[in-house]
Amino acid sequence: GQWFIKSERFNRDLDQQPDAFARNIHGQQVNAKGQVFRQGQASFVTLYQKQRQAHVKSPRLTTLLDDGATLIVSAALGKWLDERHVFLQGNVQISHHNDQTTVLKTTHMQYDHEKRLAKTDQIVTISDKQKRFTLTGRGADADLNTETIKLHHDVRGMYDPAIP
């Protein structure tokens, strides 16, 4: 990625001005065995050091789970609130890829990437890749470690066993 550092003299009194920009960022975390278990990428990052925040375009967080499945969290925009928490907005998707891919979609979500917990008060749609089932509801808490999603209000579902 490319970094562009702002001039301190130019923006000295403007706290809202970014401290740095980066394009096409990609990062990885490895475990004690040297294996990649988490990856992150974004098309553009704006860093605000005083607020300890980063605003990102097209964030995509990929976690390789112990059972061989892959968990992908993506959105149009993201705002890192600290080292663990990100607020996602616009076309937010969480997909769990294993034998049967399941996708959760919403418009806004708070996500703790260390604990793999997600929360939203927006409309949520959950479906499998084949569209055999679809659940919708308003508001959700998701524990992606246990693959548990609790829909809060206006829950509706559809299941079609005829779809292969």
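Overview of the structure. Everything quoted here is computed from the prediction, not taken from an experiment. (Residues numbered from 1 in each chain as written. Predicted model: local features only at pLDDT ≥ 70, side-chain atom pairs only at ≥ 80, totals over all residues. Heavy atoms only, no water.)

**Regarding the nonpolar core**
And step 1. Judged by nonpolar contacts, the single largest core of 26 residues is most densely connected at Leu 88, Ile 94 and Tyr 111.
And step 2. Contributing elements (two or more residues each) for this core: strand 3 (36-48), strand 4 (53-57), strand 6 (70-74), strand 8 (85-97), strand 9 (102-112), strand 10 (117-128) and strand 11 (133-143).
And step 3. Among the elements that line this core, the one with the most residues is strand 8, at four residues.
And step 4. Setting aside residues up to four positions removed in sequence, Tyr 111 forms contacts with Leu 61, Leu 71, Val 73, Arg 84, His 85, Val 86, Leu 88, Arg 116, Leu 117, Ala 118 and Leu 144. (Core = buried A, V, L, I, M, F, W, Y, C linked by side-chain atoms within 4.5 Å. Buried < 20%, exposed > 50% of the residue type's maximum accessible area, 1.4 Å probe, protein only. Helix = DSSP H or I, 4+ residues; strand = E, 2+ residues; numbered from the N terminus. Contact = heavy atoms within 4.5 Å.)

**Observations concerning the environment of Val 56**
And step 1. Note that Val 56 resides in strand 4.
And step 2. Take Val 56: its relative accessible area is 5%, and that puts it in the buried class.
And step 3. For the pair Val 56 and Thr 46, spaced 10 residues apart in sequence, the C-alpha separation works out to 6.4 Å.
And step 4. Setting aside its immediate chain neighbours within four residues, Val 56 contacts Ala 42, Phe 44, Val 45, Ala 76, Leu 77, Gly 78 and Trp 80.

**Section: the layout of surface pockets**
And step 1. There is about 670 Å³ of room inside the largest pocket.
And step 2. Here the element with the most residues in the lining of the largest pocket is strand 3; it accounts for seven residues.
And step 3. Looking at the lining of the largest pocket, its residues break down into 11 nonpolar, nine polar and four charged. (1 Å grid on protein atoms, 1.4 Å probe; cavity = no way out; pocket = protein on both sides within 12 Å on 5 of 7 lines; lining within 4 Å. Points joined across faces, edges and corners; volume = space filled by probe spheres on them. Nonpolar A, V, L, I, M, F, W, Y, C, P; charged D, E, K, R; others polar.)

**Focus on the environment of Phe 21**
And step 1. You can see Phe 21 is positioned in strand 2 (residues 20-30).
And step 2. By relative accessible area, which is 28% here, Phe 21 ends up partly exposed.
And step 3. The spatial distance from the C-alpha of Phe 21 to the C-alpha of Tyr 48 is 9.4 Å, given a sequence separation of 27 residues.

**Let's talk about the environment of Thr 136**
And step 1. Within the fold, Thr 136 resides in strand 11.
And step 2. You can call Thr 136 partly exposed: its relative accessible area is 26%.
And step 3. Taking the C-alpha atoms as reference points, Thr 136 and Lys 105, separated by 31 residues in sequence, lie 9.5 Å from one another.
And step 4. The residues touching Thr 136, leaving out its near neighbours within four places in the chain, are Val 124, Thr 125, Leu 151, Asp 154, Val 155 and Arg 156.

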